[in-house]
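A closer look at the structure
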Amino acid sequence: MLNSSSGTAAGTGVTAADLMVRFAALGINVSIDADASRPFADRLKAARDSAAPVLVAAGGDGTVTALAEAAIHSGKTLAVIPLGTANLLARDLALPLTLDAWFAAYEQMATRRIDVGEVNGRVFLHKVVIGAVPGIAAAREQIRGRRDLGAKLGFLAHFARRLSRVRRFAAEITPVNGESHIERVQSIAVANNDYDEGPGKLFARAHLDRGTLSLYLLRHLSFVDALRLGMGMMLGNWRHDDVLEVDNVRALTIRTRHRRVRVMLDGEIELLDGPLSFRSLPMALSVLTPPPVEAAEPALAVAAGA
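First things first, this report covers the structure right here in the doc. (Residues numbered from 1 in each chain as written. Predicted model: local features only at pLDDT ≥ 70, side-chain atom pairs only at ≥ 80, totals over all residues. Heavy atoms only, no water.)

1. Considerations on the sheet that holds strand β13 (residues 268-273)
Judged by pairing direction, the sheet is antiparallel, and its six strands sit side by side in the order β10-β9-β8-β5-β12-β13 without closing on themselves. The two strands at the open ends of the sheet, each matched to only one other strand, are β10 (244-249) and β13. Going across the sheet, the axis of each strand differs from the next one's by a mean of 25 degrees, ignoring polarity. Here strand β5 (residues 127-131) runs beside strand β8 (residues 187-192); their pairing, made up of five bridges, is antiparallel. Within β8, the position partnered with G131 by the bridge is S187. (Pairing = 2+ DSSP bridges. Helix = DSSP H or I, 4+ residues; strand = E, 2+ residues; numbered from the N terminus. Axes fitted to C-alpha atoms, helices over the stretch in contact; angles between N-to-C directions.)

Printed below as a string of structure tokens:
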């Protein structure tokens, strides 16, 4: 499934014909769906019901998550050609980020099982965010594909205004093995496994197989807080910021006063019925990844010891 409007695909002009030629060079028979005029649900159903043992998501994180759900429900393996803007799962899996490198590495790829998260029956691979962030992300969608300075400055202005107007909301949080408690927050994020802390590690996960969800509570987030937290992520010391609270759980329920809750699910804006019930599905997804990098033998140390 090719999403030609995703970030890298749109910027480089990748077409179904391009991918067909590359797969044919490897001797692989593929059927490529690039028909954006068809309802997305119909395209996913066709992929799920096909005889193909591997479903290939050629697009951004939204396309990857949607096809991952089809792969899980059909027992197929997922392959990811990273053609989006962030390509979060591809980076976590150490996949090559260019087409040339990806196809050069394809024959060495092997299946690996990873966890996924689930909210109200919907699969997510990265995180679900409630509160201020979905509104900001909705504005980002308005400028997707635009590279002019005016669009970017407009988004920054909206970002600052949005943060200045956001009010805290009450959420009842019930961990699967804990007591309910009410929190007043500006934003909540539930991530599939935990994000790493380290210099330059922005929303990066070294482990995708620990069977846990990470709960992040932002009690308040001014524009200055956002800048400080972003800087902390770049420097690798963000987890202990005063505005943030982190907890690890296997399942939880979140209730707000709204019957329907707007969330950002793996970068896409969705409306979900409340309450929101989260759980981890350990090792539920089979994906193709490069072989793990083996640690080099400490030859110099051995020689010195000898």
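2. Quick word on the nonpolar core
Across soluble globular proteins, nonpolar side chains have a tendency to be buried as a group. Ranked by size, the top nonpolar core spans 43 residues in total, and within it L78, I81, W102 and L285 carry the most contacts. Ranked by residues supplied to this core, first place goes to helix α4 (residues 61-74) with six residues. Those residues in contact with I81, other than ones at most four positions away along the chain, are L19, F23, V56, A57, A58, G59, L99, W102 and F103. (Core = buried A, V, L, I, M, F, W, Y, C linked by side-chain atoms within 4.5 Å. Buried < 20%, exposed > 50% of the residue type's maximum accessible area, 1.4 Å probe, protein only. Contact = heavy atoms within 4.5 Å.)

3. Regarding the pairing of β13
Two elements, strand β12 (residues 260-265) and β13, share six bridges in a ladder whose sense is antiparallel. Pairing of R260 across the sheet is with D273, part of β13. Between β12 and β13, which pair antiparallel and follow one another directly, the connecting turn spans two residues, one of which, D266, has a positive phi of 50 degrees.

4. Considerations on helix α3 (residues 40-49)
Inspection of α3 places R43, L44 and A47 among the buried residues, and these make up the whole buried set. Along α3, the residues classed as buried sweep out an arc of 100 degrees about the axis, all on the same side. Packing partners of the buried residues in α3 comprise β1 (54-59) and α4. (Arc of directions from axis to C-beta.)

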